[in-house]
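Residue-level listing of the chains:
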Amino acid sequence: MRNKRCVLLIAGAVSVLSCFTAYAGAWEQDGEDWKYKKDNGSYAEYEWVQDSGDWYYCSRWGVMQKNTVIDGYYLGADGKMISASDTENPLYGEKVYKLPVNLPVTCPNRMDGDGCTFCGGVGTGFEAMNSEVSVSEQLNATKGKITKRYKAKKFIAYFQNYTNTFLPVDKFEKYLVEAAQTEDIVGISVSTRPDCITKEYLDCLKKISEEYQVKISMEYGLQTVNYKTLNKIDRGHTLAEYLDAVLMTAPYGFEICTHIILNLPGDDMTDVIETAKILSALPVQIVKLHSLYIPKGSKMYEEYKEGKITLCDPKEYLDRLVNFICYVRKDMVIERLFSRVPKEDASFSNWGISWWKLKDRFDEIMETNDYMQGCKFDYLNGAALRRWEI
């Protein structure tokens, strides 16, 4: 095994290497899950275990993980760690790239208003094509560019912009099938609001996943767990809707990604830490962290110009980012640390500092203080019982 200290691995996803321990014990089946029971009667949880020379990872409730990446190591369909000499992604056999798809949809939050205060008129689809272009044409056009530049051969159709489930289920299914039938598409990622998902949409996704053998992931925009901030930014939902969406989605076996903005006006360090803790307590596998950017023409843009909102400085953002990483579960994949948007579209973005300079400073803070992801993850599973002798 490789021996590495608290270094963040950033290559499309972020993770931190943890300790590896060999135990004497046995596997137990619990429904469709497998758990490793140690010789002391407890179950391995949030840790690596070695069995017959192979390494496995057990997450919350002791469940063995498979078909994923933990601490920078790939786990196959049987849960075994893939050899360190194997550089291919075992989920697909090689590197896979996301291709943005833009559907002719809007957001329910825009039906009776202007949407979230931080949202511009074009949503988040900066790299997407016109929504009038068919799904297959969008995918093939972007695929050609990515293939030429990166020699990619497999792709994920990323339904990114606006609220992609804010349309009838039959139309939703039609778009997904068109994507699944496009050559070299091995996965579908659907971004939507947590108050725009029902079992009908999830059943549709499950059907397509099984019929076309594509991997499904859901992305929910939460932004913060502070319901007062959610109200101030006119988000249109609170924490309850997000919890409902995650708990509804989890039984389907889809990967769940959550979008979080770490420096929303009104939020402070307490909100950042609580957000990390709540995500860690839920069956969420991925988080995308954003530094706030303010699009021109948005309601927040007017508030920013008029001095009605106060934004934290870059040092405070880095402190929040570091604390989030320290408090979040160590097996949580982190796909982003800072926002990256075209300069011409934003009135404020990353304090005018390039994202890679911010990342260098973040790496320096983590390494200087000997921090690693999950080093403060000690608050679940009866924390008070561990703190006090009774």
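The residue numbers shown here count from 1 along each chain, following its written sequence. Residues qualify for local features only when their pLDDT is at least 70, as the model is predicted, and side-chain atom pairs are given and counted only at 80 or more; totals for whole chains, interfaces and linings, by contrast, use all residues. Calculation of side-chain values draws on the structure's entire complement of heavy atoms; hydrogens and water are dropped beforehand.

K.L.:
Explanation requested: the side chain of glutamine 138 in the structure shown.
P.N.:
For glutamine 138, the location among the structural elements is in helix α1 (residues 135–150). Only protein chains enter the accessibility calculation, which uses a 1.4 Å probe; a residue whose area is less than 20% of its type maximum is buried, one above 50% is exposed, and one in between is partly exposed. A relative accessible area of 1% means that glutamine 138 is categorised as buried. Ignoring anything within four residues of it in the chain, the contact list for glutamine 138 reads Pro100, Val101, Asn102, Met129, Asn130, Ser131 and Val133. Secondary structure elements are taken from DSSP: a helix is a run of H or I of four residues or more, a strand is a run of E of two residues or more, and numbering for both begins at the N terminus. Here, two residues are considered to be in contact whenever any of their heavy atoms come within 4.5 Å of each other.

K.L.:
Looking at this structure, how should I read the pairing of strand β7 (residues 54–58)?
P.N.:
Both faces of the sheet carry side chains from a regular strand, because those side chains alternate between them. Of all five residues in β7, four are buried; the element is thus mostly enclosed. Strands are treated as partners if at least two bridges between them are detected by DSSP. A loop of two residues connects strand β6 (residues 47–51) with β7, the two strands running antiparallel in sequence, and serine 52 in this loop sits at a positive phi of about 55°.

K.L.:
Hey, could you run me through the packing of helix α6 (residues 269–280) against helix α8 (residues 314–327) in this one?
P.N.:
If you want to describe how two helices pack, look at the angle between their axes and the distance between the axes. In this description, a line fitted to the C-alpha atoms serves as the axis of each element, helices being fitted only across the stretch in contact, and the angle between N-to-C directions of two axes falls anywhere from 0 to 180 degrees. Where α6 contacts α8, the two axes come as close as 9 Å, and the packing angle between them is 25°. As summarised for this structure, α6 and α8 are arranged roughly parallel, according to the angle between their axes. For α6 against α8, the interelement crossing comes out right-handed. For the pair α6 and α8, the contacting residues are Met269, Val272, Ile273, Thr275, Ala276, Lys277, Leu279 and Ser280 in the first and Glu316, Asp319, Arg320, Asn323, Phe324 and Tyr327 in the second. When its residues are assigned to classes, the contact of α6 with α8 shows seven nonpolar, three polar and four charged. Throughout this description, any angle smaller than 35 degrees is read as roughly parallel, any larger than 145 degrees as roughly antiparallel, any in the 65 to 115 degree range as roughly perpendicular, and the remainder as oblique. For any helix crossing, the convention is left-handed if the near helix is rotated counterclockwise from the far helix by under a right angle, and right-handed if that rotation is clockwise. Three residue categories are used. Nonpolar comprises Ala, Val, Leu, Ile, Met, Phe, Trp, Tyr, Cys and Pro, charged comprises Asp, Glu, Lys and Arg, and polar comprises the others, including Gly.

K.L.:
What should I look at first to understand the side chain of threonine 165 in this one?
P.N.:
Topologically, threonine 165 is positioned in the loop between β11 (154–159) and α2 (169–180). Residue threonine 165 is classed as buried on the basis of its relative accessible area of 3%. Setting aside anything within four residues of it in sequence, one finds threonine 165 in contact with Phe172, Val190, Thr192, Cys196, Ile197 and Tyr201.

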